[in-house]
Amino acid sequence: FDSGRNPNNPALPELKDDYDWDARFGSDPDWITDNVPGKVVLNDVELAAQVTSLGKLEEKWRKERLARDYDDARILGWTEMAETYNGRFAMFFLVVGLLTEYW
(Lines give C-alpha, C1' and ligand atoms only; values in the text may rest on other atoms or scores of the structure.)
Protein backbone atom coordinates (compact mmCIF):
# COMPACT_ATOMS: atom_id res chain seq x y z
CA PHE A 1 0.00 0.00 0.00
CA ASP A 2 1.52 3.30 -1.14
CA SER A 3 0.91 6.25 1.18
CA GLY A 4 -0.75 9.25 -0.43
CA ARG A 5 -2.92 7.06 -2.64
CA ASN A 6 -6.62 6.33 -2.56
CA PRO A 7 -7.02 2.89 -0.89
CA ASN A 8 -10.08 2.06 -3.04
CA ASN A 9 -8.28 2.90 -6.30
CA PRO A 10 -4.46 3.15 -6.06
CA ALA A 11 -4.27 4.90 -9.46
CA LEU A 12 -5.94 7.97 -7.92
CA PRO A 13 -4.49 10.35 -5.35
CA GLU A 14 -5.80 10.18 -1.81
CA LEU A 15 -8.80 12.39 -1.14
CA LYS A 16 -8.61 14.21 2.18
CA ASP A 17 -11.58 13.73 4.51
CA ASP A 18 -13.16 11.28 2.07
CA TYR A 19 -15.51 8.75 3.56
CA ASP A 20 -18.80 7.10 2.70
CA TRP A 21 -21.54 9.67 3.30
CA ASP A 22 -24.25 7.22 2.22
CA ALA A 23 -23.23 4.73 4.89
CA ARG A 24 -23.21 7.42 7.54
CA PHE A 25 -26.50 9.12 6.68
CA GLY A 26 -28.28 6.26 4.88
CA SER A 27 -30.68 5.69 7.78
CA ASP A 28 -31.87 9.31 7.66
CA PRO A 29 -35.22 9.46 5.82
CA ASP A 30 -34.30 12.78 4.17
CA TRP A 31 -31.05 11.41 2.73
CA ILE A 32 -31.56 10.61 -0.96
CA THR A 33 -29.15 8.59 -3.06
CA ASP A 34 -31.09 8.12 -6.32
CA ASN A 35 -31.90 10.87 -8.83
CA VAL A 36 -30.03 13.52 -6.85
CA PRO A 37 -30.52 16.93 -8.55
CA GLY A 38 -27.25 18.31 -9.89
CA LYS A 39 -25.33 15.10 -9.28
CA VAL A 40 -22.45 14.70 -11.70
CA VAL A 41 -21.00 11.27 -12.35
CA LEU A 42 -17.29 11.38 -13.20
CA ASN A 43 -15.15 8.55 -14.44
CA ASP A 44 -11.78 7.81 -12.83
CA VAL A 45 -9.77 9.85 -15.35
CA GLU A 46 -11.95 12.96 -14.94
CA LEU A 47 -11.87 12.59 -11.17
CA ALA A 48 -8.07 12.26 -11.16
CA ALA A 49 -7.74 15.33 -13.40
CA GLN A 50 -10.05 17.29 -11.11
CA VAL A 51 -8.15 16.24 -7.97
CA THR A 52 -4.84 17.13 -9.61
CA SER A 53 -6.02 20.56 -10.75
CA LEU A 54 -7.53 21.28 -7.33
CA GLY A 55 -4.23 20.30 -5.73
CA LYS A 56 -2.41 22.73 -8.02
CA LEU A 57 -4.87 25.51 -7.15
CA GLU A 58 -4.49 24.76 -3.46
CA GLU A 59 -0.69 24.98 -3.76
CA LYS A 60 -0.90 28.23 -5.75
CA TRP A 61 -3.21 29.87 -3.21
CA ARG A 62 -1.07 28.61 -0.33
CA LYS A 63 2.01 30.20 -1.89
CA GLU A 64 0.12 33.47 -2.46
CA ARG A 65 -1.08 33.47 1.15
CA LEU A 66 2.42 32.79 2.46
CA ALA A 67 3.86 35.56 0.28
CA ARG A 68 1.17 37.99 1.49
CA ASP A 69 1.78 37.00 5.13
CA TYR A 70 5.52 37.49 4.61
CA ASP A 71 5.02 40.94 3.06
CA ASP A 72 2.64 41.95 5.85
CA ALA A 73 5.15 40.85 8.51
CA ARG A 74 8.05 42.82 7.01
CA ILE A 75 8.81 46.13 8.71
CA LEU A 76 11.89 47.44 6.88
CA GLY A 77 12.66 47.67 3.20
CA TRP A 78 10.53 48.26 0.14
CA THR A 79 7.24 47.14 1.58
CA GLU A 80 3.77 48.21 0.50
CA MET A 81 3.21 50.00 3.82
CA ALA A 82 6.50 51.92 3.44
CA GLU A 83 5.42 53.08 -0.02
CA THR A 84 2.06 54.19 1.39
CA TYR A 85 3.70 56.16 4.21
CA ASN A 86 6.20 57.69 1.80
CA GLY A 87 3.39 58.90 -0.47
CA ARG A 88 1.41 60.34 2.43
CA PHE A 89 4.39 62.17 3.89
CA ALA A 90 5.33 63.53 0.47
CA MET A 91 1.82 64.91 -0.13
CA PHE A 92 1.64 66.34 3.41
CA PHE A 93 4.95 68.17 3.14
CA LEU A 94 4.14 69.33 -0.39
CA VAL A 95 0.98 70.96 0.94
CA VAL A 96 2.86 72.41 3.94
CA GLY A 97 5.57 73.81 1.63
CA LEU A 98 2.99 75.37 -0.69
CA LEU A 99 1.09 76.88 2.24
CA THR A 100 4.24 78.43 3.71
CA GLU A 101 5.24 79.89 0.34
CA TYR A 102 1.83 81.38 -0.45
CA TRP A 103 0.86 82.46 3.05
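What counts, and at which threshold
Residues numbered from 1 in each chain as written. Predicted model: local features only at pLDDT ≥ 70, side-chain atom pairs only at ≥ 80, totals over all residues. Heavy atoms only, no water. Helix = DSSP H or I, 4+ residues; strand = E, 2+ residues; numbered from the N terminus. Buried < 20%, exposed > 50% of the residue type's maximum accessible area, 1.4 Å probe, protein only. Areas by Shrake-Rupley, 256 points an atom, 1.4 Å probe, with all protein chains shown as cover. Phe/Tyr/Trp six-rings, centres within 6.5 Å; stacked < 30°, edge-to-face > 60°. Patch = residues over 30% accessible without salt bridge, like charges linked within 9 Å, V, L, I, M, F, W, Y side chains within 5 Å. Salt bridge = Lys/Arg side-chain N within 4 Å of Asp/Glu carboxyl O.

Draft legend 1. Representation of the overall build of the protein chain. A tally of regular secondary structure across the protein chain gives 3 helices and 0 strands. Element order for the protein chain, N to C, with α for helix and β for strand: α-α-α. Counting across all 103 residues of the protein chain, residues that qualify as buried make up 4%. Of the accessible surface of the protein chain, which amounts to about 9,700 Å², a share of 58% is contributed by carbon and sulfur atoms.

Draft legend 2. Layout of the packing of aromatic side chains. Going through the model one piece at a time under the given rule, you end up with 3 aromatic pairs. Measuring from ring centre to ring centre gives 5.3 Å for F25 and W31, while their planes differ by 35°; the resulting arrangement is tilted. Ring centres 5.0 Å apart and planes at 75° place the aromatic pair F92 and F93 in the edge-to-face group.

Draft legend 3. Molecular detail of a nonpolar patch on the surface. Taken together, the side chains of M81, Y85, F89, F92, F93 and V96 define a hydrophobic patch exposed on the protein surface, amounting to about 640 Å² of accessible area. You can see M81 is positioned in helix α3 (residues 80–102). By relative accessible area, which is 48% here, M81 ends up partly exposed.

Draft legend 4. Highlighting the pattern of salt bridges. In total, this model carries 3 salt bridges according to the counting rule given. In this structure, the salt-bridge partner of R62 is E59, at a minimum N-O distance of 2.6 Å. Residue R62 and its partner E59 are both found in helix α2 (residues 44–73); the two are separated by 3 residues, about one turn of the helix. In this structure E59 comes out as partly exposed when scored by relative accessible area, which is 33%. Here D71 makes a salt bridge to R74, at a shortest N to O gap of 3.8 Å. Note on D71: relative accessible area 42%, which makes it partly exposed.

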